[in-house]
Amino acid sequence: YTAISYMWGSPEDTKTITINGMPVTVGENLAAALDCLRSSLVDKVWIDAICINQDDIDERNAQILRIRDIFSQSLAVTVWLGEDEMSG
């Protein structure tokens, strides 16, 4: 898997994406990152906002303690800071 590190952005700026046929609301910055990665060879990704149940505080706290392992055991880490403002 590829782990994605990205800026979350404003919680008000969201988009709905589809994962395995299910709608999922994510931040606009993450949606842009996934759109960009769609054309790459990446097929399995780990994304904290999706892979960790953000509504379950106990799970979230437990998974945060594993972040170092999650990122260090990934095949690659993609860092996404945002879209290039010069290109738009």
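Just so it is clear, the model here is predicted, and its values are computed rather than measured. (Residues numbered from 1 in each chain as written. Predicted model: local features only at pLDDT ≥ 70, side-chain atom pairs only at ≥ 80, totals over all residues. Heavy atoms only, no water.)

## A few points about helix α1 (residues 28-37)
Now for step 1: The element α1 is extensively covered by neighbouring structure, given that seven of its ten residues are classed as buried.
Now for step 2: Every buried residue of α1 is listed here: Asn29, Leu30, Ala31, Ala32, Ala33, Leu34 and Leu37.
Now for step 3: Packed against the buried residues of α1 are β1 (2-6), β2 (14-19), β3 (22-27), α2 (48-51) and β5 (76-80). (Buried < 20%, exposed > 50% of the residue type's maximum accessible area, 1.4 Å probe, protein only. Helix = DSSP H or I, 4+ residues; strand = E, 2+ residues; numbered from the N terminus. Contact = heavy atoms within 4.5 Å.)

## Notes on the nonpolar core
The nonpolar side chains of soluble globular proteins are, as a tendency, buried together.
Now for step 1: Ranked by size, the top nonpolar core spans twelve residues in total: Ile4, Tyr6, Ile17, Val26, Leu30, Ala31, Ala32, Ala33, Leu34, Leu37, Ile47 and Trp80.
Now for step 2: Every element with two or more residues in this core is listed here: β1 and α1.
Now for step 3: Ranked by residue count, the leading element in this core is α1, at six residues.
Now for step 4: Setting aside residues no more than four positions away along its own chain, leucine 34 makes contact with Ile4, Ile17 and Ile47. (Core = buried A, V, L, I, M, F, W, Y, C linked by side-chain atoms within 4.5 Å.)

## Considering the side chain of aspartate 48
Now for step 1: Relative to the helices and strands, aspartate 48 is located in helix α2.
Now for step 2: Summary of buried charges: aspartate 48 has no salt-bridge partner, and the nearest side chain of opposite charge, arginine 60, is 9.6 Å away.
Now for step 3: Not counting chain neighbours up to four residues away, the residues in contact with aspartate 48 comprise Tyr6, Trp8 and Gln54. (Lys, Arg positive; Asp, Glu negative; His and termini not counted. Salt bridge = Lys/Arg side-chain N within 4 Å of Asp/Glu carboxyl O.)

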